[in-house]
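Per-entry structural report
Here's the letter readout for the chains.
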Amino acid sequence: MDHDLIPAPREATFQAGAVRYAFGPEPDLAAGPGTQATARWLRGVLGAAAGWSLPPAEPADPDGRADVRLLVDEGVGRELGPEGYELTVSADGALIRGGGPAGVFWGAQTLRQLLGPHAFRRAPLPGARWSLPYGTVRDAPRFGWRGLLLDVCRHFLPKDGVLRYIDLLAAHKLNVLHLHLTDDQGWRIEIKRHPRLTGVGAWRPRSRWGHRDSPLWNDTPHGGFYTQDDIREIVAYAAARHVRVVPEIDLPGHAQAAIAAYPELGNTDVVDTAALGVWDDWGINENVLAPTEAVLRFYEGVFEEVLELFPAEVSPFVHVGGDECPKTQWAASRAAQERIRELGVKDEDGLQSWFIRHFDGWLAERGRRLIGWDEILEGGLADGAAVSSWRGYAGGIAAAEAGHDVVMCPEQQVYLDHRQAPGPDEPMPIGYVRTLEDVYRFEPVPPQLSARAAERVLGAQANVWTEVMEHQGRVDYQVFPRLAAFAEVVWSRLPEPGARDYADFEGRMGGLEGGRPGVPAGVPAGGHYARLDALGVDYRPPGGPLPWQRRPGVLGRPKDGVPPTV
Ligand code: ACM
């Protein structure tokens, strides 16, 4: 495909030869009703990259002539949906007609890609000239949920890094940021009524260096959290880019940071929870919440603040975790055993379901929808609850067949903490080898799903757990370039995995050295790597890690063989 668009659009036709629309020094912009947020975004990014202020076109009539015109168009909406768009470049300039405001925004992202990699910089390079190829792009996404999970608990990603990731998602037409905000190793969101959650729970004195088989420690304290105003800023910044932020408050497991802050949340009759700190190690942790009414009230208080920070218009879904909750303490705790009898549930698994069902109902009463990891299926779910299928496809298949909505994120396929290549050079290698091509051939809808259940697959997300990613550069290394392949899987209508044209995708990633047919001299040849370079992304180069991206001698936890597909 011409012009290295990623993700590949549904249809694109460009005129042969070097026919291009050349922008003058001060292009204008006509923004129709409903397109103001995209106009503001374009003025921001192209103001930086090209030095344009993009003044409103005169006359203000959006049907009049302008270098760039933005419109919401019902006809496009009927044909391509609210996220669909049509972008036309002709002698009249660039016209983006979106099915809804989101479609206009995704069209503007395509326009930015067509301007060349320097459109991703934050100041103009000397002598830059800007033009667009004549042609038409008609486009719409395959799925409505196109996500990335960032684990900001194991290693904190400061607010600027989160905003940057929102921009990186939007540049790839991804629209969900699942923020994993609480875990054993850190509590990262300010909760006003429980200040110790961040006062105590947001930092740890040291961290294991490498995966849990590593004998090494990093004795630098690690921590950080988002204030409520930071969260409001993140949510609004994302909304302006048509990205929804889904908050995750993990319960009843993955809760040691909360217990360290408030020891009464733990199983005090079996462990001295007052002696627990925020966990400094990795793995599955036995310090889980006590199954008491007081714990429910505590977390209701947390969720009340979370709901206020993440309005329903932004994300109806609230993630409650529910994964990896060992039952050893409940089995040993007299209080927990009494609770099992009082509640009339069968065993410790019944306590886990009781937690999840409580918040399922509690969220539903407030007009929200619960989403949780596939373990939550084990106790039966209320209508309306949704499942993130992570232990493979099986949980997602069971949930979808039972009528629940599903987000596919099987760890064997799209956990981006897993290593990208075999061999000793991958930094702290985790899990199976998942190459760029493997991710390109990931299929969110497994063939064994019935047609009715397949409609329950909202989409997919790639998950990034950060035990061995101590800073943003390490996160970038794991995420890119594979997120570009993932974006194409969830946006574009690719054929079934074996029939996908990976060579074409790889060509668009790499571009061509020294210009290509139809691209005049002086216009960078492009290729998606050139965009990532301009954005300052620390991706894994196709030839393997650069010396400073390696972590020689630090143990990870690689798995051998080919991961199961179901
Ligand atoms: C998970 O990876 N424990 C959801």
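To keep things clear, this report deals only with the structure shown in the data block. What you see is a predicted model; the values in this text were computed from it and never measured.

The strand order across the open sheet built from 6 strands is β1-β8-β5-β6-β4-β3, with neighbouring strands paired in mixed fashion. Strands with a single pairing partner mark the edges of an open sheet, and in this sheet they are β1 (11-14) and β3 (29-31). Each strand of the sheet is rotated relative to its neighbour by a mean of 10°, with strand direction disregarded. Taken together, the 5 bridges between strand β5 (residues 85-90) and strand β8 (residues 135-139) define a ladder with antiparallel strand orientation. Residue pairing for β8: Leu87 is matched across the bridge by Val137. Contacts from helix α3 (residues 101-114) reach β1, β4 (68-72), β5, β6 (93-98) and β8, with the element oriented near 40° to β5.

Further remarks concern the pairing of strand β9 (residues 145-151). Of all 7 residues making up β9, 7 are buried, and the element is well covered by its neighbours. Of the two faces of β9, the one holding Trp145, Gly147, Leu149 and Asp151 and the one holding Arg146, Leu148 and Leu150 are both buried throughout. Sheet analysis places β9 next to strand β23 (residues 457-464), joined by 6 bridges and oriented parallel. Along β23, the bridge assignment pairs Trp145 with Gly459. Here β9 runs beside strand β10 (residues 176-180); their pairing, made up of 5 bridges, is parallel.

With that out of the way, let us pick up the pattern of salt bridges. A side chain with one charge can pair with a side chain of the opposite charge if their charged atoms come near. Scanning the model with the defined rule gives 42 salt bridges in all. Put simply, Glu300 and Arg297 hold a salt bridge, and the shortest N to O gap is 3.0 Å. Taken together, the positions of Glu300 and Arg297, both in helix α8 (residues 293-309) and 3 residues apart, correspond to about one turn of that helix. A salt bridge links Glu488 to Arg508; the shortest N-O distance between them is 2.8 Å. Note that Glu488 is positioned in helix α17 (residues 482-491) and Arg508 in helix α18 (residues 502-510), a separation of 20 residues in sequence. Salt bridges linked by common partners bring Glu11, Asp73, Glu79, Glu86, Arg97 and Arg138 together as one network.

What counts and what doesn't
- Residues numbered from 1 in each chain as written.
- Predicted model: local features only at pLDDT ≥ 70, side-chain atom pairs only at ≥ 80, totals over all residues.
- Heavy atoms only, no water.
- Pairing = 2+ DSSP bridges.
- Helix = DSSP H or I, 4+ residues; strand = E, 2+ residues; numbered from the N terminus.
- Axes fitted to C-alpha atoms, helices over the stretch in contact; angles between N-to-C directions.
- Contact = heavy atoms within 4.5 Å.
- Buried < 20%, exposed > 50% of the residue type's maximum accessible area, 1.4 Å probe, protein only.
- Salt bridge = Lys/Arg side-chain N within 4 Å of Asp/Glu carboxyl O.

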